[in-house]
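# Fold and geometry: a report
Next come the chains, spelled out residue by residue.
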Amino acid sequence: MDDVIEKSAMRKIYLRLLPFAVLSYLLAYIDRINASFAALTMRGDLNLTATAYGFAVGTFYWGYFIFEVPSNVVLEKVGARLWIARIMISWGILAGLTAMVATFAAWAGVSNAISFGVVRFLLGAAEAGFFPGIVLYFTYWFPSYHHARIVSGFLVGLPIAVAAGAPISTALLGLDGLLGLRGWQIMYLAEGIPTVIIGLVTLFVLTDRPAQAKFLTDAEKAWLTAKLASERAAKEAVRKFSFLEGMYNPKVLLLALNYFGIVVASLGILFFVPQMIKSIGVTDNMTVGWLTMIPYAFGGLGLVSWGYVSDRMGERRWNLLAACVVSTIGLVIAGMTIGSWWAMVGLSIATFGFYGSKGPFWSMPPMFMTGTAAAASIAWINSLGNLGGFFGPWYVGVVKDWSGSYSGGVYGLAFLCVISAAVCALFLEIPNPVARVPNLPEPTPAE
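How each quantity is defined
Residues numbered from 1 in each chain as written. Predicted model: local features only at pLDDT ≥ 70, side-chain atom pairs only at ≥ 80, totals over all residues. Heavy atoms only, no water. Helix = DSSP H or I, 4+ residues; strand = E, 2+ residues; numbered from the N terminus. Rg over C-alpha atoms; globule rule 2.2 N^0.38 Å. Buried < 20%, exposed > 50% of the residue type's maximum accessible area, 1.4 Å probe, protein only. Areas by Shrake-Rupley, 256 points an atom, 1.4 Å probe, with all protein chains shown as cover. Lys, Arg positive; Asp, Glu negative; His and termini not counted. Charge placed at Lys NZ, Arg CZ, Asp CG, Glu CD. 1 Å grid on protein atoms, 1.4 Å probe; cavity = no way out; pocket = protein on both sides within 12 Å on 5 of 7 lines; lining within 4 Å. Points joined across faces, edges and corners; volume = space filled by probe spheres on them. Phe/Tyr/Trp six-rings, centres within 6.5 Å; stacked < 30°, edge-to-face > 60°. Lys NZ or Arg CZ within 6 Å of the ring centre and 35° of its normal.

### Quick word on the overall build of the chain
- Helix and strand counts for the chain come out as 22 helices and 0 strands.
- Relative to the globule expectation of 22 Å for 447 residues, the C-alpha radius of gyration of the chain, 21 Å, shows essentially globular dimensions.
- Its C-alpha atoms give the chain principal-axis dimensions of roughly 65 × 45 × 40 Å.
- Across the 447 residues of the chain, 60% fall into the buried class.
- Total accessible area computed for the chain in this model is approximately 16500 Å², and 71% of it derives from carbon and sulfur atoms.
- In the chain, the 28 positive side-chain charges and the 23 negative ones have mean positions that sit 2 Å from each other.

### Some points on empty space enclosed by the protein
- The tally for this structure, following the rule as stated, stands at 4 cavities of 30 Å³ or more.
- Of the pockets and cavities examined, the largest cavity occupies roughly 110 Å³.
- Taken together, 15 residues form the lining of the largest cavity, with Y29, R32, Y259, K358 and N386 sitting closest to its centre.
- The set of elements that each furnish at least two residues to the lining of the largest cavity consists of α1 (2-33), α14 (250-270) and α20 (371-386).
- Residue contributions to the lining of the largest cavity peak at 4 residues, all from α14.

### Thoughts on unusual backbone geometry
- With phi around 60°, N47 is a residue other than glycine that occupies positive phi space.
- When you line up the elements, N47 lands in the loop between α2 (35-46) and α3 (50-58).
- In this structure N47 comes out as exposed when scored by relative accessible area, which is 69%.
- The backbone phi angle of L179 is positive, close to 60°, even though this residue is not glycine.
- Topologically, L179 is positioned in the loop between α10 (157-173) and α11 (183-205).
- For L179, a relative accessible area of 76% puts it in the exposed group.

### A short note on the packing of aromatic side chains
- Within the structure shown, the criterion is met by 22 aromatic pairs.
- Here the aromatic rings of F138 and F142 are separated by 5.7 Å at their centres, their planes lie at 85°, and the arrangement is edge-to-face. Assigned by exposure class, F138 and F142 land together as buried.
- Summarising the aromatic geometry, the rings of Y259 and W362 are spaced 5.1 Å apart at their centres and angled 80° between planes, so their arrangement reads as edge-to-face. You can see Y259 sitting in helix α14 and its partner W362 sitting in helix α19 (residues 358-362), a full 103 residues away along the chain.
- Overall, Y259 belongs to the buried group, its relative accessible area being 6%.
- Judged by relative accessible area, which is 1%, W362 ranks as buried.
- Aromatic ring contacts, followed pair by pair, group Y14, Y25, W91, F130, F131, F138, F142, F154, Y259, F361 and W362 into a single cluster.
- Cation over ring: R86 sits above W83, and NZ or CZ is 4.4 Å from the ring centre.
- Lying across the ring of Y140, R209 places its NZ or CZ 3.7 Å from the centre.

Below is the structure:
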């Protein structure tokens, strides 16, 4: 009977939460990385060097870093429904205001680079807490043996955002002159408005806890509440961590170091992919947009397949290490062949590894953290790791301006990925206390 109830409950929860989570993350990532496509024309309009551009887009992650932990703790206190809605509405507004950076620069008497950097910082502050908030929210609804799949399914919005956002963004660039605006300004406005709308819809879609879910039967709510309570008890029987312990625990810091390496490499590449494709000899912006879809289609495949494999194996550490190794190999191939079509092969292999790592990785913090400590640790890992989003693009931009090529930057990302991510994974062992819960049902794939 429990198996029947479990399958029914999990089917309903997946169908209720996953499509909305994917859509919201797709919008989040489009609003975050559309600067990579805007740069095809915006850099010339605003007179930005590759270094200034890389620095400015990276300031997003400083806003993210500062406000990430407080945001996730607030979500734990007030509930996901209200807080996720607030996050989406505020970042949608800031995303649209990026179209006004030149006007803001003129008003404030500063350079376009400074104005762009400030708006990106505020965008990061507005969005802070969204990703770790959703990951934390999933722990309220899914038993541990679903974690890699649900996180991977949620993060499919990331490569879809790059793949779908590429032709959409470059098409919007082609509307140059409409309403007296530059194409990149139209792009920022058009891609910010849907986020505000979905933020309002969030208030009617999300339910904070299973006990409040009207779409579940009483039996399903009772089963899920008991299952999650038994898992939490198993973790806390080993040790219950405080808020501060959730931030300075050695395993948490190792996870943050691992994630830093992955993020530096993946975002160091992401913000320059369209420009790397142009260096092959592709001149049409729309064609660049379509070609950008290829590596991130492989990224989506890596997310879904690796998350499923990790859950079926019930193993996280070695799956994470394997994904880091695949990422490194792809980056080395891309660096060796930059300026040729073979670089696309390397980038596709690298993105398969980058995104394949995320399911196993984000299943690890909830293996030993609960409650406020889980909220703090997930946000802290994400905020420290996402500082790589500042250093990666900045580093690639500096090397490009210095050497005239993207190869050196790509090799540096590969080196950092293998050192800080793969080596960290080798020493990162987190026993799973849930596996010792008596009569725990065998993992079954979501239907």
